Amino acid sequence: MKDHYGRKINYMRISITDLCNLRCIYCMPEEGIEKHPHRKNLSFEEILELIEAGVSLGVNKIRLTGGEPLVRHGIVDLVRRIGEIPGIEDLTMTSNGILLPKYAKDLKAAGLTRVNISLDTFDPVKFHEITRWGQLEDVFAGIAAAKAVGMHPIKINTVLIKGFNDNEIETFVNYTRDEAVDVRFIELMPLGESSGFAENKYLSNDEVLKRMPDLTPLLEPDKTGPAEYYQLPGAKGRVGLINPISKHFCSECNRIRVTTDGKIKPCLHSDYEIDLVALRKSGKTYQEILLQAINEKPEKHHINEDEKQLLRNMNEIGG
């Protein structure tokens, strides 16, 4: 599939739940969210049919997101059924890692290729603060569990937050010296719950390169995602910079997102959504709906242009 701007769309991110076992400040309200009636969420059968339609149009990469995808009942079976669909080359998940000690072995056996784990601080006190109740040791237990079953590469997603974790840049980068992981700094985006929070907390990823001048750009950068990769001399792991604000990568965007309640978002930073469930009931096929979404994908986002947008929280979109 190619959109009107010549971008090849081969990546589908599907949020399978908006529930989470944490309450990260930039992602969810402190009081949590009201649990949807089960019928409001896409069923496993609907998810599988949608993925099959996407694969028939050229999608070969699937990422399961949330909320926290591991809180969805039956997650291992869903992964297994997705993994059995011919044509999928990369089946991945974004998680906070807390439930990986319970599920990592079964997920790997079911066909999960790898996992991205969200981690914004190495400080237990600050971790409890940013997540509102989480325990840092639980995340490291999840990282260890993913390593133990052979998931590779393990990517650590770190949202760079001015005044909160910018004093840990060196700590995160140095973590890659002895650990074969990718630490990826992500610029804070003004989305939903984080819109007000992000106003004075944004920090460009250029700060990472200023603080760690020994980081060397990789000669063969990762072509599968938006990160620009660097490495310390002799390090086992890599450092990635994802710059949606300072250097937006819209011209290379290869993805569409599906929310847990069945809306397709052609662009993360736009309120515009396509009601997958309603269109399916009207008689349209999943292929037709996906092609509509691709054709309506905008050229770029407008968050650098002070455009007012009332966006969903990140837990509703899919992290």
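Residues numbered from 1 in each chain as written. Predicted model: local features only at pLDDT ≥ 70, side-chain atom pairs only at ≥ 80, totals over all residues. Heavy atoms only, no water.

1. Regarding the overall build of the chain
Note the cut-off: Numbering goes from the N terminus for both helices and strands, where a helix is a DSSP run of H or I of at least four residues and a strand is a run of E of at least two. Exposure classes here rest on a 1.4 Å probe applied to the protein chains alone. A residue is buried below 20% of its type maximum, exposed above 50%, and partly exposed in between. Whether two residues touch is decided by their heavy atoms; if any such pair falls within 4.5 Å, the residues are in contact. Here the open area of atoms and residues is found with the Shrake-Rupley method and a 1.4 Å probe, where only the protein chains shown may cover a residue.
Of the regular secondary structure elements, the chain holds eleven helices and twelve strands. Among the 319 residues that make up the chain, the fraction classed as buried is 55%. In the chain, 72% of the contacts between residues at least 6 apart in sequence involve partners at least 24 apart. Accessible surface for the chain amounts to roughly 14,100 Å². Of this, 50% is attributable to carbon and sulfur atoms.

2. A look at the nonpolar core
Note that soluble globular proteins tend to have their nonpolar side chains buried in a common cluster. Rule in force here: Side-chain atoms within 4.5 Å link the members of a nonpolar core, which is a set of buried Ala, Val, Leu, Ile, Met, Phe, Trp, Tyr and Cys residues.
With 84 residues, the main nonpolar core has L64, L107 and F185 as its most contacted residues. Take this core: its biggest share by element is seven residues, from helix α1 (residues 44–56). Non-local contacts of L64, meaning those with residues more than four positions away in its chain, are made with I14, I16, P69, I75, L78, V79, I82, T92, M93 and T94.

3. Notes on the pattern of salt bridges
For clarity, the cut-off: Should a side-chain nitrogen of Lys or Arg be within 4 Å of a carboxyl oxygen of Asp or Glu, the pair is scored as a salt bridge.
Under the counting rule described, the total for this entry stands at 15 salt bridges. The salt bridge partner of R211 is E207, with a shortest N-O separation of 2.9 Å. A residue pair is termed a helical-turn pair when its members lie 3 or 4 positions apart in one helix, as R211 and E207 do in helix α8 (residues 206–211) at four residues. A salt bridge links E273 to K265, with the nearest nitrogen and oxygen atoms 3.5 Å apart. Using a relative accessible area of 1% as the deciding quantity, one classes K265 as buried.

4. Here we look at unusual backbone geometry
Residue G66 is joined to G67 through a cis peptide bond whose omega torsion reads 25 degrees. In this fold, G67 is placed in the loop between β2 (61–65) and α2 (75–83). Here the bond from H152 into P153 is cis, since omega is -5 degrees, no more than 30 degrees from zero. Looking at where P153 falls in the secondary structure, it is placed in the loop between α5 (136–148) and β5 (154–160). Despite not being glycine, R132 has its phi angle at roughly 75 degrees, a positive value. Locating R132 in the fold gives a position in the loop between α4 (124–131) and α5. A relative accessible area of 24% places R132 in the partly exposed class.

5. What about the pairing of strand β9 (residues 238–242)?
The following threshold applies: Whether two strands pair depends on DSSP finding at least two bridges between them.
Among the five residues of β9, five are classified as buried, and the element is accordingly described as predominantly covered. Here β9 shows no split at all, with R238, G240 and I242 on one side and V239 and L241 on the other all buried. Here three bridges tie strand β8 (residues 228–231) to β9, and the two strands are oriented antiparallel to one another. Its bridge partner being in β9, Y230 is matched across the sheet by V239. Taken together, β8 and the strand that follows it, β9, pair antiparallel across an intervening segment of six residues, in which G234 is found at a positive phi of about 75 degrees.

6. Some words on the packing of α2 against helix α3 (residues 100–110)
As a reminder of what qualifies: Axis definition: a line fitted to C-alpha atoms, limited for helices to the stretch in contact. Angles are taken between N-to-C directions and run from 0 to 180 degrees. Geometric relationships in this document are graded by angle, where less than 35 degrees denotes roughly parallel, more than 145 denotes roughly antiparallel, 65 to 115 denotes roughly perpendicular, and other angles denote oblique. For any pair of crossing helices, the crossing counts as left-handed if the nearer helix is rotated counterclockwise from the farther one by less than a right angle, and right-handed if it is rotated clockwise. Only Asp, Glu, Lys and Arg are considered charged in this grouping, and only Ala, Val, Leu, Ile, Met, Phe, Trp, Tyr, Cys and Pro are considered nonpolar; every other residue, Gly among them, is considered polar.
Where α2 contacts α3, the axes come no closer than 8 Å and their chain directions differ by 20 degrees. Here α3 runs roughly parallel to α2, going by the angle between their axes. Our pair here, α2 against α3, has a crossing hand that is right-handed. Here I75, V76, V79 and R80 of α2 come into contact with α3, specifically with Y103, D106, L107 and A110. Considering only residue class, the contact of α2 with α3 consists of six nonpolar, no polar and two charged.

7. Thoughts on α1
The criterion, for reference: By this rule, a helix spans an expected 1.5 Å times one less than how many residues it contains.
Taking 1.5 Å of rise per residue, 13 residues should cover 18 Å, and α1 covers 18 Å from first to last C-alpha, within 8% of that figure. The elements touched by buried residues of α1 are β1 (11–15), β2, α2, β10 (255–258), α9 (276–281) and α10 (286–295). Where α1 ends, the next residue or the one after it, G58, has phi of about 115 degrees, a positive value.

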